[in-house]
Amino acid sequence: MAPALLVLLLLAVIAREASAARAFAVASNATAHGATVVGNKLNVHLVPHSHDDVGWLKNVDQYYVGSNNSIQGACVMNTLDSVVDALARDPARKFVVVEQLGFDSLHFARIDYQDKEKRKAAKGLEVIWRGSRTFGSSSQIFTNVFPVNYSPPDGFGFEVLDENILPVQDDMLMFDYNVEERVNDFVAAAIAQANVTRTNHIMWTMGDDFSYQYAESWFRNMDKLIYHVNKDGRVHALYSTPSIYTDAKHLSNESWPVKYDDYFPYADSKNSYWTGYYTSRPTFKRYVREQSGYYLAARQIEFLVGRSSLGLFTASLEDPMGIAQHHDAVSGTAKQHTTDDYSKRLALGASKVEKGVNIALTCLLSSNGTCVPSVLKFSQCPLLNISYCPSTEETVSVTQNLVVVVYNPLGRERSDFIRVPVNDENLVVKSSDGTIVQSQLVEVDNVTRNLREVYVKAYLGITTDKPPMYWLLFQASVLPMGWNSYYISRSTGYSSTGYVSTMVSPRNDTVEVGPGSLKLSFSSASGQLKRIFNSVSGVDLPIQQSFFWYSSNEGDIVDSQGSGAYIFRPNGTTPTIVSSSVLLSVMNGPLVHEVHQQFGPWIYQITRLYKNKEHAEVEYTIGPIPIDDDVGKEIITRMTTDMVTNSTFYTDSNGRDFLKRVRNYREDWDLEVTEPVAGNYYPVNLGAYVADGKYELSVLVDRAVGASSIQDGQLEIMLHRRILRDDGKGVNEPLGEVVCLDGSCKGLTVRGTYYVKVDKLGHGAHWRRTYGQQVYSPYLLAFTHEDETSWKSYNVAKESTMDENYSLPDNVAIITLQNLDDGTTLLRLAHLFQAIEDPQYSVIAKVELRKVFGKRTIKELAETNLSANQKKSEMKKLNWRVIENSKSDPIPLKGGPVDSQALVVELGPMEIRTFLLKF
């Protein structure tokens with residue numbers, strides 16, 4: 001059975017269907033869409049469905065056409081064809097597919113086993129979920145957790161090849177006539193489920209993974225059950241949908257329990273915490289995150305260039321990105337060959353988008369508005385993180401510049417550092433107005449050189465020439481949703497402002513680094529971090545950081561459960577330190593100081609402190625994880641301080657709300673602690689932090705990870721996993737990623753970055769929110785070679801789509817700007833802050849659309865739901881009665897209607913508003 005990760009929105013309801021289904025009442029017999037409910041009986045809503053993974057044990061194409069059946073006999077095409085035929089035979093039949101577009105309810109299966117049992121006893125599986133403290137009851141939703149799973153009760157599955165199928169046999173001429181037996185079983189199962197829920201309506205999820213490949217088998221048996229059960233009269237059965245079921249619950253006037261926190265972490269038994277997948281396949285998680293940010297920027301460029309012969313060139317990445325969001329894709333819980341297929345789709349899509357962006361930039365920058373790609377050819381460097389960029393490694397002459405076009409997808413001006421690999425010391429950098437820009441050269445380290453050699457050949461099949469000598473570093477300032485051009489040329493010697501980093505030899509017990517107000521202190525003896533100090537903010541915090549690994553449990557006599565792609569089960573609670581003595585070297589320069597640390601042969605770390613930046617950027621390289629001792633290892637970085645955090649830490653929810661986590665505690669029930677480490681891990685997409693009465697220690701991440709605070713004052717993040725056994729949750733292979741080259745395979749090496757900042761209490765939110773946007777939406781860089789004078793004669797070197805001097809406020813982001821194929825433009829604006837998160841920014845924000853699109857005229861504007869498939873004015877929400885509790889919900893701040901003349905959009909904290917525009 002394919003484990004549905006995160007929150008499986010198996011039968012999510014779309015508002016259109018719900019509105020149509022609301023026409024019936026349950027006080028007496030009524031009919032809607034062929035569904036009859038009876039007011040004075042237990043109504044059993046049969047909801048036919050098929051859970052069809054978009055890749056898991058097979059890839060998405062194999063599942064669709066039904067190939068590679070030696071792995072799993074599944075063909076989605078057969079399901080679709082046979083379901084359509086079966087539905088056409090009888091309009092009373094129904095079928096649902098997973099949908100998300102304006103919810104009235106959520107229906108899913110997997111919550112913690114302790115939580116589920118307690119909810120069954122209290123008839124609390126169905127609740128009103130108020131998941132956002134910012135929005136309170138205004139965003140509440142009816143939430144239904146299935147009593148067992150998303151399959152039918154035992155004995156009522158009718159997949160034709162199921163060896164345990166027990167058909168309803170109502171032909172009295174046959175010896176195995178079983179109507180009475182089947183009806184009695186049905187009634188018993190219905191009453192058992194009714195005992196754990198409220199009202200006289202229950203839902204049976206009539207389907208499972210890749211069901212209905214011969215749909216008539218299911219529908220024929222359900223037809224018979226409905227007929228004979230209703231003839232029996234003790235309970236009432238009907239074909240139904242989540243909408244019909246939700247409306248029946250709503251019209252019952254029942255009062256429902258309220259839930260505030262989320263459903264993480266999930267465990268299905270005492271040693272089976274599904275917290276390993278938060279980190280599984282970290283390079284794929286990074287690839288998905290990277291392509292998501294790139295896709296956002298590319299769609300903006302597609303919009304800016306307008307409708308031209310290029311067409312919608314970003315469409316080639318749309319399907320791969322959607323497929324990668326599947327709960328067995330980005331989660332890291334598919335088989336290796338399936339994950340390879342996901343990566344291949346992303347790579348092919350990204351390659352096509354890259355070509356489109358290169359041509360689009362040629363059009364955008366052209367001063368006469370024409371596209372002449374034969375004159376100007378851009379290229380990009382997807383492997384820049386391992387120093388591979390052919391465009392920047394070419395020889396640069398005095399007359400032939402390396403031109404770097406920097407696009408900023410954020411809605412506000414930003415100034416950030418750019419690092420490109422070069423092979424020349426004598427380089428000078430100029431901005432678009434001819435001003436010389438200060439630069440710094442940093443020698444490329446041997447770890448990066450080795451990574452480049454191996455992975456360029458593994459990824460591209462290319463054996464590269466000698467690796468570049470230096471990273472060229474300079475600071476680029478770019479207007480909001482705009483670009484700037486920088487020119488790198490060979491200096492004549494005296495005009496160069498470049499600076500080659502110098503190696504610092506420790507003279508004291510402590511090495512202090514940092515070109516600005518932020519300083520980090522390291523021990524000369526141990527090579528370990530000791531202290532963070534900021535002379536401007538007044539922060540002064542003793543802190544240690546090191547790498548550890550948890551030994552992966554392989555199961556024991558009492559419980560065979562082991563760690564794997566899904567499960568994190570460490571062998572004990574104390575991880576092993578990788579090295580307590582670290583080789584340390586320091587590189588200094590005017591723009592950045594770098595601290596290089598070698599934590600043994602397979603972990604390398606560079607901490608960078610940039611001029612005018614108040615945080616540390618930490619780049620780690622981990623792998624191959626050694627397994628010579630036949631022990632799986634799960635690698636963490638841990639920061640340890642003397643902060644008094646009272647078992648409390650904070651992690652983001654889907655990159656939006658930060659949620660309070662308390663170690664060994666659940667808000668809804670008394671937790672029996674069985675896994676003190678794995679049971680306290682939570683998913684992190686944006687970042688995590690701890691706070692006490694004085695400071696906030698925040699960490700932002702560049703991909704989805706798992707994180708926790710196992711001891712007060714600590715924050716740990718799992719960065720890599722290599723496990724030797726399967727965890728028994730269905731994928732049926734160990735999480736042991738390797739990279740093969742020339743017939744030899746080695747464990748996967750992971751390179752990534754996290755960002756660390758310490759603030760005074762109450763002052764960390766602004767950095768987490770604003771810099772988090774920069775992490776997600778880095779500059780898009782394009783390179784070409786051109787004479788500076790010629791370039792400026794026919795190109796617009798610097799530009800913004802917004803009005804001059806206009807920028808979005810710090811608490812607002814553009815999360816979608818996309819041309820649609822019907823000629824409209826999709827725009828989504830998001831408020832970045834929660835209520836009461838920051839006194840200055842947790843307020844109503846205003847966006848002036850006329851200034852955002854200063855060079856265009858908006859002719860029409862329509863606000864829609866988040867999915868942009870329904871006008872906001874047509875949306876209707878159900879109001880639910882709830883059981884009163886002691887918590888007081890906030891009164892949410894929300895933006896008002898948009899005046900068609902003023903075109904000013906207001907956004908309250910955490911609000912996302914979606915618009916369709918015509919220009």
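Cut-offs and rules
- Residues numbered from 1 in each chain as written.
- Predicted model: local features only at pLDDT ≥ 70, side-chain atom pairs only at ≥ 80, totals over all residues.
- Heavy atoms only, no water.
- Helix = DSSP H or I, 4+ residues; strand = E, 2+ residues; numbered from the N terminus.
- Rg over C-alpha atoms; globule rule 2.2 N^0.38 Å.
- Buried < 20%, exposed > 50% of the residue type's maximum accessible area, 1.4 Å probe, protein only.
- Core = buried A, V, L, I, M, F, W, Y, C linked by side-chain atoms within 4.5 Å.
- Contact = heavy atoms within 4.5 Å.
- Pairing = 2+ DSSP bridges.
- Salt bridge = Lys/Arg side-chain N within 4 Å of Asp/Glu carboxyl O.
- Disulfide = S-S within 2.5 Å.
- Axes fitted to C-alpha atoms, helices over the stretch in contact; angles between N-to-C directions.
- Patch = residues over 30% accessible without salt bridge, like charges linked within 9 Å, V, L, I, M, F, W, Y side chains within 5 Å.
- Areas by Shrake-Rupley, 256 points an atom, 1.4 Å probe, with all protein chains shown as cover.
- pLDDT = per-residue confidence, 0-100.

Caption draft 1: Molecular detail of the overall build of the protein. Tallying secondary structure elements over the protein gives 15 helices and 47 strands in all. Its C-alpha radius of gyration of 29 Å places the protein within 12% of the 29 Å reference for a compact globule of 919 residues. Dimensions along the principal axes, computed over C-alpha positions, put the protein at roughly 100 × 65 × 60 Å. Each of the 919 residues in the protein was classed as buried or not, and the buried ones make up 58%.

Caption draft 2: Summary view of the nonpolar core. Counting 83 residues, the largest nonpolar core has Leu-520, Phe-547, Ile-622, Ile-635, Tyr-681, Leu-697 and Val-756 as its most contacted members. Sequence-distant contacts of Tyr-681, defined by excluding residues within four places in its chain, comprise Pro-265, Thr-275, Tyr-278, Tyr-550, Phe-568, Ile-636, Gly-706, Ala-707, Ser-708, Glu-716 and Met-718. Grouped together as the second largest cluster of nonpolar side chains are 61 residues, Leu-317, Leu-365, Met-481 and Tyr-806 included.

Caption draft 3: Up close: the pairing of strand β13 (residues 427-430). Both β13 and strand β17 (residues 482-490) contribute to a ladder of four bridges, which runs antiparallel. By the bridge assignment for β17, Val-429 is matched with Ile-488. Bridge analysis of β13 against strand β14 (residues 436-437) gives two bridges, and the strand direction is antiparallel. In the strand pairing of β14, Val-429 is matched with Val-437. Linkage of β13 to β14, two consecutive antiparallel strands, is achieved through a turn of five residues, within which Gly-434 is found at a positive phi near 90°.

Caption draft 4: How the structure looks around the environment of Ala-86. Examined against the element boundaries, Ala-86 turns out to sit in helix α3 (residues 76-89). Take Ala-86: its relative accessible area is 0%, and that puts it in the buried class. Each C-alpha atom of the pair Ala-86 and Val-582 lies 67 Å from the other, and the pair is 496 residues apart in sequence. Beyond its immediate chain neighbours, meaning those up to four positions away, Ala-86 contacts Arg-93, Ala-215, Glu-216 and Phe-219.

Caption draft 5: Spatial organisation of the pattern of salt bridges. Taken as a whole and assessed by the stated rule, the structure comprises 50 salt bridges. Of the charged contacts in the structure, one is a salt bridge between Lys-249 and Glu-126, with a shortest N-O distance of 2.9 Å. Of this pair, Lys-249 sits in helix α7 (residues 242-250) while Glu-126 sits in strand β5 (residues 126-129); the two residues are 123 residues apart in sequence, bridging distant segments of the chain. For the pair Lys-249 and Glu-126, one class covers both residues: buried. Of the charged contacts, one joins Glu-619 and Arg-751 as a salt bridge, the two residues approaching to 3.9 Å between their closest N and O atoms. Pair noted here: Glu-619 is in strand β27 (residues 616-622) and Arg-751 is in strand β38 (residues 750-760), with a separation of 132 residues, a long-range link. Here Glu-619 matches Arg-751 in class, with each residue buried. Among the ionic contacts, a cluster of salt bridges with common partners joins Asp-115, Arg-119, Lys-259, Asp-261 and Asp-668.

Caption draft 6: Representation of unusual backbone geometry within the structure. Omega for the peptide link from Phe-264 to Pro-265 comes to -10°, which places this bond in the cis form. Among the secondary structure elements, Pro-265 is positioned in the loop between β10 (258-259) and α8 (282-305). The peptide bond linking Gly-623 to Pro-624 adopts the cis configuration, its omega dihedral lying at -10°. When you line up the elements, Pro-624 lands in the loop between β27 and β28 (633-641). The backbone phi angle of Asn-612 is positive, close to 70°, even though this residue is not glycine. With phi around 60°, Asn-664 is a residue other than glycine that occupies positive phi space. Mapping Asn-664 onto the fold places it in the loop between β30 (657-662) and β31 (682-684). Of the residues examined, Asn-664 reaches a relative accessible area of 36% and is grouped as partly exposed.

Caption draft 7: Expanded view of the state of the cysteines. Under the definition given, this model contains two disulfides. Between the sulfur atoms of Cys-381 and its disulfide mate Cys-389 the distance is 2.0 Å. Every disulfide takes its handedness from the sign of the S-S torsion; for Cys-381 and Cys-389 that torsion is 60°, giving right-handed. A relative accessible area of 13% means that Cys-381 is categorised as buried.

Caption draft 8: Here's a closer look at the environment of Asn-69. Within the element layout of this structure, Asn-69 appears in the loop between α2 (60-65) and α3. On the basis of relative accessible area, Asn-69 is assigned to the partly exposed category, the value being 41%. Separated by 611 residues in sequence, Asn-69 and Asn-680 place their C-alpha atoms 39 Å apart. Excluding residues within four positions of it along the chain, Asn-69 makes contact with Lys-58 and Ala-74.

Caption draft 9: Layout of the sheet that holds β5. Within the open sheet, the four strands sit side by side as β4-β6-β5-β10. Their pairing is mixed. Across the chains shown, the open sheet's two edge strands, defined by having one partner strand only, are β4 (105-108) and β10. Across four bridges, β5 lies against strand β6 (residues 141-145) in antiparallel orientation. In the sheet register, Ile-128 faces β6, and the bridge partner there is Phe-142. The sheet strands contacting α7 are β4, β5 and β6, and the helix crosses β4 at an angle near 115°.

Caption draft 10: The arrangement of the sheet that holds strand β7 (residues 201-206) in detail. Pairing within the open sheet is parallel, and its three strands lie in the order β7-β3-β8. The strands lining the two open edges of the sheet, one partner per strand, are β7 and β8 (236-239). Strand after strand, the sheet turns through a mean of 25° between neighbouring axes, direction not considered. Inspection of the sheet shows strand β3 (residues 43-48) paired to β8 by four bridges, in the parallel sense. The partner of Val-44 across the bridge, within β8, is Ala-237.

Caption draft 11: The pairing of β6, seen in detail. The element β6 is extensively covered by neighbouring structure, given that five of its five residues are classed as buried. In the sheet, β4 pairs with β6 via four bridges, with the strands oriented parallel. Pairing of His-107 across the sheet is with Asn-144, part of β6.

Caption draft 12: Quick peek at a nonpolar patch on the surface. On the surface, Tyr-64, Val-65 and Leu-80 cluster together to form a nonpolar patch covering roughly 270 Å² of accessible area. If you trace the backbone, Leu-80 turns up in helix α3.

Caption draft 13: Structural view of the confidence of the model for the protein. Per-residue confidence for the protein gives a mean pLDDT of 92, with 95% of residues at or over 70. Note that residues 1-34 has pLDDT below 50 and, in this model, 124 contacts with residues that lie over four places away or in other chains.

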